[in-house]
Amino acid sequence: MATLEIKDLHVSVTADEVEKEILSGVNLTINAGETHAIMGPNGSGKSTLSYAIAGHPKYTVTSGQILLDGEDVLEMSVDERARAGLFLAMQYPVEVPGVSMSNFLRTAATAVRGEAPKLRTWVKEVKTAMSDLDIDPAFAERSVNEGFSGGEKKRHEILQLGLLQPKIAILDETDSGLDVDALRVVSEGVNRYRASGEAGVMLITHYTRILNYIKPDFVHVFAGGKIVESGGPELADQLESEGYVRFTGKREEAVAQ
Ligand SMILES: Nc1ncnc2c1ncn2[C@@H]1O[C@H](COP(=O)(O)OP(=O)(O)O)[C@@H](O)[C@H]1O
Ligand SMILES: [Mg+2]
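Residues numbered from 1 in each chain as written. Chains lettered and ligands numbered in written order. Predicted model: local features only at pLDDT ≥ 70, side-chain atom pairs only at ≥ 80, totals over all residues. Heavy atoms only, no water.

Caption draft 1: The arrangement of the sheet that holds strand β9 (residues 168-172) in detail. Here we have 6 strands laid out as an open sheet, ordered β6-β9-β10-β3-β11-β12, and mixed in their pairing. The strands lining the two open edges of the sheet, one partner per strand, are β6 (86-89) and β12 (226-231). Within this sheet the neighbouring strands show an average axis-to-axis angle of 20 degrees, counted without direction. (Pairing = 2+ DSSP bridges. Helix = DSSP H or I, 4+ residues; strand = E, 2+ residues; numbered from the N terminus. Axes fitted to C-alpha atoms, helices over the stretch in contact; angles between N-to-C directions.)

As structure tokens, then:
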């Protein structure tokens, strides 16, 4: 059973030759079978946390640790992290012109599983996974994310999640830009992935709406580059009615959507 441990993580980015600290001491442990919602205002560093775990080169870990089953994730390359069982569904999935979705999925599955999936079972597996997410089979031949709508990109992130079955999944604002039907379909995809009971999920979200479909075990409030409060699902209800003002000192619209 997997455990992701984040210990006193500090992360900076350098923009216009100025180094700025974005994460200032994040502590979080996610065990297999647990879903942790990370909720916070815009600009609090939620995506930075997901990029730092995935190994994005722009985000420099200046101190602290990330361990997956005791192994030092920070020593691993991006693809080693994926093979070790970490998965990131990005807030803004990138377009990869010239690479078909079907080639991309097969290459990713081969890398993560350590051998190429048998063609006949693979085709069926992908078809089923696509139909579960209401994805038109024609998408298999389209370039990765190219010209996809926001909602189509999010569905394809969850398609990858289902096929790759990572130990730990980080879902960064997977709910953003989805209408209520798409939100349900995508949430069902996440819940199928969770059904094994062995998945650890970090569900990053600004709004509480998705938590009606994907029930978290823990809710953490993220503000100013770190976790400032942790609790159970009741904390999300409190945020829905009060917003983040208690944590930021700034009033923004209530977090319900
Ligand atoms: N690549 C980058 N270059 C410069 N600033 C960045 C970069 N990535 C993030 N930031 C800054 O870090 C802060 C946190 O951003 P982000 O992690 O995207 O927050 P969130 O996902 O919570 O909205 C913001 O002030 C943002 O402008
Ligand atoms: Mg973000």
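Structure shown, so let's carry the discussion forward.
Caption draft 2: Region of interest: the environment of Ala182. Residue position: Ala182 is located in helix α6 (residues 180-194). Distance in space between the C-alpha atoms of Ala182 and Leu133 is 8.7 Å, their sequence separation being 49 residues.

Caption draft 3: Up close: the packing of helix α3 (residues 101-113) against helix α5 (residues 150-164). Where α3 meets α5, the axes come as close as 10 Å, and the angle between the chain directions of the two elements is 35 degrees. α5 is crossed by α3, and the crossing has right-handed handedness. Between α3 and α5, the residues in contact are Met101, Phe104, Leu105, Ala108, Ala109, Val112 and Arg113 and His156, Leu159, Gln160, Leu163 and Leu164, respectively. Looking at the contact of α3 with α5 residue by residue, the classes come out as 9 nonpolar, 2 polar and 1 charged. (Left-handed = near helix turned anticlockwise from the far one by under 90°. Contact = heavy atoms within 4.5 Å. Nonpolar A, V, L, I, M, F, W, Y, C, P; charged D, E, K, R; others polar.)

Caption draft 4: Focus on the pairing of β9. Counted residue by residue, β9 has 5 buried out of 5 residues, so it is predominantly covered. In the sheet, β6 pairs with β9 via 4 bridges, with the strands oriented parallel. Residue pairing for β9: Leu88 is matched across the bridge by Ile170. Of the strand pairs in this sheet, β9 and strand β10 (residues 200-205) are connected by 5 bridges, and their pairing is parallel. In the strand pairing of β10, Ile168 is matched with Gly200. Taken together, β9, α6 and β10 constitute a β-α-β crossover, and its handedness is right-handed. (Buried < 20%, exposed > 50% of the residue type's maximum accessible area, 1.4 Å probe, protein only. Right-handed = clockwise from strand over helix to strand, strands pointing away.)

Caption draft 5: Here's a closer look at the packing of aromatic side chains. For the coordinates displayed, the defined rule picks out 2 aromatic pairs. When the ring of Tyr51 is compared with that of Tyr59, the centres are 5.2 Å apart and the planes differ by 20 degrees; the resulting orientation is stacked. Like Tyr59, Tyr51 is buried. Ring centres 5.0 Å apart and planes at 90 degrees place the aromatic pair Phe139 and Phe148 in the edge-to-face group. With a relative accessible area of 11%, Phe139 lands in the buried category. (Phe/Tyr/Trp six-rings, centres within 6.5 Å; stacked < 30°, edge-to-face > 60°.)

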